[in-house]
Structures are given as structure tokens and as C-alpha cells.
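Report on the structure
Each chain, written out:
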Amino acid sequence: MRQGESVLQRRISLGEMLDTESFTEVVKGFVELYRVGIKVFDEKGGKLADIKIGNGDFCGYVFSFPEGRRRCTATVGRVKDGPLALSHGARLPVLEPDLVPAAKGMLTVPCFTGLRYLVVPILWEGDTLGRVVFGPFMPEDLKDFPPRTLTEISEGFDVGNARPLVDKVRLAPEGTIARVMLHFGQLLQTMLFAGQKMFLTTQVHIEATLDSNRELEERNKRLEDANTRLKELDRLKSAFLATVSHELRTPLTSIIGYSEMLAEGLAGPLNGEQIDYVRTIMEKGETLLKLISSILDISQIEAGKVRLNFEPMDALELINGSLTSLKPQVQKKGVALDAKLPAKMPMVTGDRDRLRQVIVNLLTNAVKFTPKGGRVAVTLTEVQHQPDLNAPGYRILVEDSGVGIPADQFDKIFNSFYQVDSSSTREYGGAGLGLAIVKSFVEGHGGVVRVASELGHGSRFTLVLPVTPGSQQQVLITPPVTSVGPADDRF
Amino acid sequence: MQLNHAQRELTVKIVYYGPGLSGKTTNLQMVHQRTSPDVRGRLLTVETHDDRTLFFDLLPVFFSTANGFKVKVKLFTVPGQVIHNATRRIVLQGADAVAFIADSRRAAGQENNAYWKNLVENMKENNLDPAQVPIVIQYNKRDLPDTKTDAEIEETRKKGREPVVGAIAIRGVGVLETLYTVLQSAYRSLEARAHLSKTIGLTEKEFLTQVFANIDVSGTELEKVLPPRAPGART
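Concerning the overall build of chain B
Broken down by element type, chain B carries eight helices and eight strands. Buried residues in chain B amount to 56% of all 235 residues. Here the contacts in chain B between residues at least 6 apart in sequence split such that 67% fall between residues at least 24 apart. Per element, the accessible surface of chain B, about 10,400 Å² overall, is 51% carbon and sulfur.

A closer look at the packing of aromatic side chains
All names here are of chain A. Tallied over the entire structure, the rule returns 14 aromatic pairs over all chains. Summarising the aromatic geometry, the rings of Phe58 and Phe145 are spaced 6.0 Å apart at their centres and angled 55° between planes, so their arrangement reads as tilted. Note that Phe58 is positioned in helix H3 (residues 56-63) and Phe145 in the loop between strand S5 (127-139) and helix H5 (148-151), a separation of 87 residues in sequence. A ring pair is formed by Phe414 and Phe461, whose centres lie 6.4 Å apart and whose planes are at 85°; its orientation type is edge-to-face. Residue Phe414 is located in the loop between strand S13 (391-400) and helix H11 (434-444), and its partner Phe461 is located in strand S15 (residues 458-466); the two are separated by 47 residues in the primary sequence.

What to know about the interface of chain A and chain B
Between chain A and chain B, the contact holds 26 residues from the first and 30 residues from the second. Carbon and sulfur atoms supply 54% of the area that chain A and chain B bury against each other, a total of about 2,500 Å² over both sides. Applying the counting rule to chain A against chain B returns six salt bridges. For Asp127 of chain A, the salt bridge goes to Lys70 of chain B, with nearest N and O atoms at 2.5 Å.

Quick look at helix H2 (residues 85-92) of chain B
Within H2 of chain B, eight of the eight residues are buried, which leaves it mostly tucked inside the rest of the structure. Taken together, the buried positions of H2 of chain B are occupied by Asn85, Ala86, Thr87, Arg88, Arg89, Ile90, Val91 and Leu92 of chain B.

Structural notes on a negative patch on the surface
The grouping of Glu260, Glu264, Glu283 and Glu286 of chain A at the surface amounts to a negative patch. Residue classification places Glu286 of chain A among the partly exposed positions, given a relative accessible area of 38%.

Description of the side chain of Asn361 of chain A
Residues and elements named next belong to chain A. The residue Asn361 is located in helix H10 (residues 352-368) in this model. Asn361 sits in the buried class, given a relative accessible area of 18%. Not counting the four nearest positions on each side in its chain, Asn361 is found in contact with Gly434, Ile437 and Val438.

Structural notes on unusual backbone geometry
Most peptide bonds take the trans configuration, and most residues that are not glycine carry a negative phi. Residue and element names in this part refer to chain A. Residues Gly135 and Pro136 are joined by a peptide bond in cis, for which omega reads 5°. Tracing the chain through its elements places Pro136 in strand S5. Its identity is not glycine, yet Arg35 carries a phi of approximately 55°, on the positive side. With respect to the secondary-structure elements, Arg35 resides in the loop between helix H2 (20-34) and strand S1 (38-42).

Rules behind the numbers
Residues numbered from 1 in each chain as written. Chains lettered and ligands numbered in written order. Predicted model: local features only at pLDDT ≥ 70, side-chain atom pairs only at ≥ 80, totals over all residues. Heavy atoms only, no water. Helix = DSSP H or I, 4+ residues; strand = E, 2+ residues; numbered from the N terminus. Buried < 20%, exposed > 50% of the residue type's maximum accessible area, 1.4 Å probe, protein only. Contact = heavy atoms within 4.5 Å. Areas by Shrake-Rupley, 256 points an atom, 1.4 Å probe, with all protein chains shown as cover. Phe/Tyr/Trp six-rings, centres within 6.5 Å; stacked < 30°, edge-to-face > 60°. Buried area = accessible area lost by both parts, 1.4 Å probe. Salt bridge = Lys/Arg side-chain N within 4 Å of Asp/Glu carboxyl O. Patch = residues over 30% accessible without salt bridge, like charges linked within 9 Å, V, L, I, M, F, W, Y side chains within 5 Å. Lys, Arg positive; Asp, Glu negative; His and termini not counted. Charge placed at Lys NZ, Arg CZ, Asp CG, Glu CD.

On their own, these measurements won't tell you what the molecule is for.
Spelled out as C-alpha cells, the structure:
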């Protein structure tokens, strides 16, 4: 909900519409050009401009007499705060007929000294926002100077002294001053329009920016709340998976164990057919166990519970060991398995068991997606500088001549439970966890994993691993959720 | 509505709402053209180089009632471009009635609907109850090809309770009729809420007659509705 009242909802004052400094400059220019003082007041009597000219010495002399001071204060009060009406000594100005319609609202206020003021209201959209006071000036039609109202203020008033002073005051017909005043009024209207436009647009722009900001903050808050809820649900899901996988594994291990005992004849001899059946139970049990282990791995990674144990290891031994465990599958499928390994390899640091799992996962995939008669190769490079890591490292390449992966799927295949073909009629089994585990473990070592493939012509997975992971200690693999948190307090 | 008893002043706010380029500013320009300078302010417009309203337009029209109450009618437009939603909300604040300027071409239907929803949403954000703030729909650009037929517009009218006015704002057709309808709706709603006829002695007839007393309604439907003007009245 929007808060606060907009500037569009309230009346704008004269001061808000005029830039006081530049307005004063304009008034000063006017005063110098026409030699008549100008005062501008807002509707509350606040002064926006006050430029005097010519009358200072004369008024100062009059002001030096107590009665002069009293009458002067009353006159100034009349022009500044008195009603904008034909009362309290104000009368209509004497004008040429053509000026009368435009000079609507203009008043003449005579001063007891014989000088005069013209007062005109500042009208804006039907409101009176203030007034402009012109003067004092010496009206041309004044026959007798000094009038009795001036000389009577004191017996000490010296006409001979006052006359040269009053000569400095602008002498003009009332109509001339009125014309100047109307001209000033037009200029003021233009300045007000420009000022109002700028004031309103600036204010509304600020209001709009603040309001957009408020809206964005509210939206962010909602998104943050939703994100927190989702993260919590995700954590619960991972924890649930970890528990369930663990609970599934325990009885499954017993099933496999007891089947093995049966097959080995520990409970008495079995005939050929019975042994076949029991072996099938064992094989399927093993497959199921692998799947459950993968789920357990990924759920532990996602729950942030996996620690890598770094220790010196032999990368050649790692590859050879993985190849050995793949042999039965390779033979059964009927694909060729080549290895290109360097003759010598220095010791590197890593989590041997996890890296072995990485290589086995990649090789298992390669064999799985390569048809009979195809070829799978694993390559280990020597240690050299790796631009990807900006550190010394080595690469392990797993290539196959299998079905390949469409280019638009390269990013997605590393997501948990993702499969290129997820239809119910798909050709290849699996839970879609192998590559997600590969990626987590490789990145846990500070390495990177990349894929290149041409559909129908095979795939190549490249692991780039550092000789020494950034952290020498155990590393806790963080869940693969990308989120940027606020920086910590610094001061 | 802002009613200031101390200053004896009533301000009524009308907002022209609608999609970009539907003719909101054109409506205000036409009202401005036909209104005597004695009773209106200047038309304040902030446009971008492509002649589209950037912030809003504002045209004030004012008069005094027989009881000496000053009445100001402030006509605003909102910016049509999607990105200026915050400005639309600000301009809409405190509106007494809304003139929704729709483009009557068939192709503009989706855009009209989107801005209608936006209006409803922003009214809610501003705490304006649609039951109390009347809306008048102007179907503008009736002269263009692909415009909806009268029968189709009649269908639209039947779907809601908002009055519908056809217009070709660029030629001044329907502009004053829309203004009249939206002011009438605004008055009736304010009368129901604030009893203007009792509290300040302002009747619907005086309100509408006074607003239009200094607007040149010749050649519009309003000639039949409003009392004939004194010969030689300034326009």
C-alpha cells in the first residue's frame, strides 16, 4: 500500500515555485531598469524579494522623527499585510482606459509623505498566492510637496533638507508605473509556470522513485521468504533421502549376504537352477545397492554432510584400479577399453576413494552409452600448468564412441536426477545421479569438469584437477545451490 | 476530493487513465483549447522527444459558487508507458473519478484490458474503492480503420456499469461529453459521500453549469443538455 501524500495533492506555495536567488536577480534587474523598488510577499506575508532604490535617504530622514516612524510603519504594514481590497486607504489606480481590464485587482496606496505604492495580487489558478508591491514613487500629479501630513509629523521637519532627498525618488505618472507592474506580472506568471512545472515534475519523480523502491523491497521480501522456505524444504528432502537410503541399505546388505551364503552352499547344496536364481537375486541386489549408495551420496552432498579426505595418492594407480573394476562390464558389453597413461607420474593430493568413484562413474556411463563393438578410452596427462585452474594440475579424459549428448543438454546433465532421455520407454537405465556426484567431488577438489560431444559420434568428459587442492584440510562439500549472501559486517 | 471549509474551497480531482498513445493528453489539450483562459490555468505537460507523456499532464479549471465557495477541478493524465507505474499510482492518489481512455481498435483490446487491470490494482494500492470512485470509459479513435462497431461497443457497455462515450479526441469529438459524464459521476459520488448540496450548497446542476459556463460546447452533444449561453460570452 502506498504511504504519504503526494505533492500533487496539496497547494504549492510561491516559495516552492520560485528559485529565490534567480528570482531576486530578475527583480534587481527590473528595479535598476525602471528605478522603482519592488517587494514580493507570499500569502503569509513572507518576503521573497525586496529591492529598494532611490527612497532610502528620504525615508530615513522621515523615519528619524518618532511620528514619522509611526506613520511609516503603518503605511508599510498596509501595503504588506493589509487587505487586497479598496479599503484602509487604498484606492483604484488612475489608468489609461486600455490598461483597466489587465490591471484588475491593482491598488494604489498613498503614503503620508505624498509618495505612492502600487499593490497587485499574484493570482495563480484562481488562488491569491501573494502580492507584489511597487514603490514608493513620486507621482507626477502631486501638486504640493510636502503635504501637510508630512510636515505635521514634527516642528523640526526641514523642507529644505527633505527636497533634495525626495528628488532621488523616481518621478512618474501612476499609469507608467502600472504598465511596468503589469509587465512584471506577466514575467512573474511565466516564471511561476516554469517553476511549478519543474517543482512538480521533480517532486513526482522523487515520489515515483521512492514508490518503485518500496514496491521492489516488498517483492524482494516476499521472494526471500519464499526462498528461505524452499531451502528449508530442500534440506528436509535431502535429510529424508539420506535416512531412507540408509534404512534401505541395511536390509539389502542382509539380502545380498544371505543369497551369497546360499549360493556358496553354506545352507546345503543347491541344484544348478537354484544357484542361477540365487545369483540373479545377488546381481540385482548389487545393482540396487549401487543405486541406493548414489542416492545416499547425493543426498549427503546436498545436505552438506560430505567431507573430502585429502592425502597423497598415485594417480596412475587410481586409473588402473578403476579400469580393473570395470573389466567385467566391458567384457560383457563387448566394447574396447584403451588407456593412455604417462610412464611416470608424481604423487598428487586428493581423496582417493571419491576420485575413484568419479572415474568409475564416468567409465560406467561411457560403457553404458556405447554400443557393442564401440570403444572407450581413458587418458591421463602429465602434470603441467592448467590455465583453467591457474595452477599446476593434470587432466583425466574419458572418451567413448557412443550415442553422444545434444549440445543444449551439456549444462543440465550435471543436475541431480537429470537424464537426457527421461521418457518411460528410455533405452538406458539409471537414476541420473552419476554426473551430479562427479561434478560435486571434482569441484570439491578445486577442479573442473567439462563435456564435449557430437550427437551419434560419442562424448568426451574432461576432468581438470590440481596437484594440490586449494585447501590442504578436509573439505566440506557445500550443497550445489548457487546463492549469494550479503557480505559480513566490516566495521 | 479536498474540502477546506476554512478557506471555503473544494478541489475535485479527475484522472485520465489508459494505455500509452490512447489519447489522454489529446483530451486535455482539447479541453484546454475550448476553455476560457479566465477560468483555467496553463496546461502543464512533460513530454519526451517522442511526444509521449513522461510524467503527467495537469489542467486546472476553477469557478466560484453562488455561495462564494471556490471550486477547482483538476484534470490529470497518467503516463501510459508500462515503466511508469509508480507515477501512475501517485497521480491516481485521491482521484474522485477516472476517465478511462481506451483505443477502440480491435487490435488494442489486449492493451486496454491490461491497463484496466492495472487501474483496478493501482486503485486498490491507493485505497480507492471502485464502488465510490466512478469510472467513465471513452472509446477513442472511432475514425480509424479496424475500430469496433457500435454494436460491439454496446456489448462492452453491457458488461459493466461504467458509462461509455465514443470519441475522436484529435478532432474534439466526444471530449467534452466525456468530461461532462465523468464530472457528473464524480459529483454524484461526492454528493452520496459528502452531501455537497447540503454542506456547501452546491447542486449538481450548478456544478456542471458553472464548469461548462466558460467552455465552448458549440457543436457538441452538450448543447442540448446545458442551458443556452448568454450571447457574446467569452470563450
